[in-house]
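Tertiary structure, described
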Amino acid sequence: MLFLFREGVVYSMNYKNETCQKNALHSSFHPSRIPRNATLLAQVILGGSSAPGEGLLVNTWTGDVPETQGKYVATVTEFGCIPVSTLYYTEQTGWVTTTYFNAVTGIPDPEQFIPPPFCNETETEEDTLDFFSAFF
């Protein structure tokens, strides 16, 4: 899936079949960050700690999101603040878990943000999606 927040569009692409679905996106971009009012819940080492390089030092933060009456628990690396996992709760969605792997800092290929050629002629579907409903 490719979310283009500025254009208000989300593309669902299947590269194997070269098919593409385009929907209007009804969500604003939310940068991934730890809010200033977050509370540090714990600092732990993921993996082993017997030898150098065996584990990953992470911080887990928690807090409330007043705009949605939501709550979150976010785990990020101590160095670089790279996301490891996020739990987000609202009464409407329940708990939503996001885990991150193979994180790369920076964007090695900005062309990834351009829909592939097989999406060029795709018409916008009638269903409007928001960020979370796109995954259901």
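The rules we used
Residues numbered from 1 in each chain as written. Predicted model: local features only at pLDDT ≥ 70, side-chain atom pairs only at ≥ 80, totals over all residues. Heavy atoms only, no water. Helix = DSSP H or I, 4+ residues; strand = E, 2+ residues; numbered from the N terminus. Rg over C-alpha atoms; globule rule 2.2 N^0.38 Å. Buried < 20%, exposed > 50% of the residue type's maximum accessible area, 1.4 Å probe, protein only. Pairing = 2+ DSSP bridges. Axes fitted to C-alpha atoms, helices over the stretch in contact; angles between N-to-C directions. Core = buried A, V, L, I, M, F, W, Y, C linked by side-chain atoms within 4.5 Å. Contact = heavy atoms within 4.5 Å. Patch = residues over 30% accessible without salt bridge, like charges linked within 9 Å, V, L, I, M, F, W, Y side chains within 5 Å. Areas by Shrake-Rupley, 256 points an atom, 1.4 Å probe, with all protein chains shown as cover. Salt bridge = Lys/Arg side-chain N within 4 Å of Asp/Glu carboxyl O.

As a further point, take the overall build of the chain. Scanning the chain for helices and strands turns up zero helices and nine strands. Each helix and strand of the chain, placed in order from N terminus to C terminus, yields the pattern β-β-β-β-β-β-β-β-β. Expected size for 136 residues packed as a compact globule is a radius of gyration near 14 Å; at 18 Å, the chain overshoots this value by more than 25%. Dimensions of the chain, computed from the C-alpha atoms along their principal axes, are close to 55 × 35 × 20 Å. Among the 136 residues that make up the chain, the fraction classed as buried is 25%.

Here we take up the sheet that holds strand β5 (residues 55–65). Backbone-to-backbone hydrogen bonds join strands into a sheet, with any given pair of strands oriented parallel or antiparallel. Across the sheet, which stays open at both edges, the five strands sit in the order β4-β5-β6-β7-β8 with antiparallel pairing between neighbours. Either end of the sheet is taken by a strand with one partner, and the two such strands are β4 (39–47) and β8 (94–99). Each adjacent strand pair in this sheet contributes to an overall mean axis angle of 15°, direction not counted. When strand β6 (residues 70–77) meets strand β7 (residues 83–90), the two strands line up antiparallel, connected through six bridges.

Counting residues in hydrophobic clusters, the biggest one holds six residues: Leu2, Leu4, Val9, Tyr11, Cys20 and Cys119. Mapped by element, the contributors of at least two residues to this core are β1 (2–4) and β2 (9–14). Apart from residues lying up to four places away in sequence, leucine 4 is in contact with Val9, Tyr11, Leu25, Phe113 and Pro115.

Our focus in this paragraph is the sheet that holds strand β3 (residues 19–25). Spatially, the four strands line up as an open sheet ordered β1-β2-β3-β9, and their pairing is mixed. The outermost strands of the open sheet, each flanked by one partner alone, are β1 and β9 (124–129). Across the sheet, the axes of successive neighbouring strands diverge by a mean angle of 30°, strand direction being ignored. Inspection of the sheet shows β2 paired to β3 by six bridges, in the antiparallel sense. Along β3, the bridge assignment pairs valine 9 with alanine 24.

What follows concerns the side chain of threonine 60. Structurally, threonine 60 can be placed in strand β5. Among the residues examined, threonine 60 registers a relative accessible area of 12% and is labelled buried. Not counting chain neighbours up to four residues away, the residues in contact with threonine 60 comprise Thr39, Leu40, Leu41, Ala42, Val73, Ala74 and Thr75.

Before going further, it helps to spend a moment on a nonpolar patch on the surface. A contiguous nonpolar surface patch, about 220 Å² in accessible area, is contributed by Val44, Leu46 and Leu56. As for its placement among the helices and strands, leucine 46 is situated in strand β4. For leucine 46, a relative accessible area of 39% translates into the label partly exposed.

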